[in-house]
Amino acid sequence: MLKKRTKVIILVAMVLLLGVTGYLNIALNNNVANTNANTVTQMNYFDTYREDRQSARDQELLYYDAIINSDSSSAEAKSSAEAKKLEIVNTMESELVMEGLIKAKGFEDVIVTNSATNINVIVKCASLESSQVAQIVSIVKEQTSKSLENIKIIPVE
């Protein structure tokens, strides 16, 4: 009789331990998954933006290349496509130079977008001091001919 009772107690204890182990596994995995998701989202914003921007530009360049290489395109269309392609390349170079110069001032990460009218600077930081804003504006004004009203600086954590 004692032997049967001992087996039942051991079996119940093992089932309880299995249940507790399963619960802890689920609880801890959910906690780690939530922490990793938040970290990845914050860290990948700048990389994701750069990838999206590059993908869009690659599509534009392919479009202009198709116009340039097409036998049915007029000379005017080819000339316009070449000018637009050169404009994209110049914009890419300008943004890359400004991003590098701003990073050299001590900012962790930065994205610069240069349109015909505005320049947007997205900086990875909690907040910007006036001296930091002055540094960024100085770099942008040196590299472009945009006025202060057309320069937007956005801090992002």
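Residues numbered from 1 in each chain as written. Predicted model: local features only at pLDDT ≥ 70, side-chain atom pairs only at ≥ 80, totals over all residues. Heavy atoms only, no water.

Even after reading the chapter, I still don't get the pairing of strand S1 (residues 110-114), so can you show me in this structure?
Regular strands show a simple pattern: their side chains alternate between the two faces of the sheet. Taken across its five residues, S1 has five buried, putting it largely inside the fold. Residues Val110, Val112 and Asn114 point to one face of S1 and Ile111 and Thr113 to the other, with burial holding for every one of them. Two elements, S1 and strand S2 (residues 119-124), share five bridges in a ladder whose sense is antiparallel. Looking across to S2, one finds that Asn114 is bridged to Ile119. Counted along the chain from S1 to the antiparallel partner S2, the turn is four residues long. (Buried < 20%, exposed > 50% of the residue type's maximum accessible area, 1.4 Å probe, protein only. Helix = DSSP H or I, 4+ residues; strand = E, 2+ residues; numbered from the N terminus. Pairing = 2+ DSSP bridges.)

Got a minute to help me understand a nonpolar patch on the surface in this structure?
Taken together, Val20, Tyr23, Leu24 and Leu28 make up a surface patch of nonpolar side chains, about 440 Å² in accessible area. Within the secondary structure, Leu24 is located in helix H1 (residues 2-69). Owing to a relative accessible area of 44%, Leu24 belongs among the partly exposed residues under this scheme. (Patch = residues over 30% accessible without salt bridge, like charges linked within 9 Å, V, L, I, M, F, W, Y side chains within 5 Å. Areas by Shrake-Rupley, 256 points an atom, 1.4 Å probe, with all protein chains shown as cover. Salt bridge = Lys/Arg side-chain N within 4 Å of Asp/Glu carboxyl O.)

Even after reading the chapter, I still don't get the layout of surface pockets, so can you show me in this structure?
Take a probe with the size of a water molecule and roll it over the atoms, and the empty space left behind shows itself. Approximately 190 Å³ is the volume found for the largest pocket. Those elements giving two or more residues to the lining of the largest pocket turn out to be H1 and helix H2 (75-104). It is H2 that contributes the most residues to the lining of the largest pocket, four residues altogether. Among the residues making up the lining of the largest pocket, the classes are represented as three nonpolar, three polar and five charged. (1 Å grid on protein atoms, 1.4 Å probe; cavity = no way out; pocket = protein on both sides within 12 Å on 5 of 7 lines; lining within 4 Å. Points joined across faces, edges and corners; volume = space filled by probe spheres on them. Nonpolar A, V, L, I, M, F, W, Y, C, P; charged D, E, K, R; others polar.)

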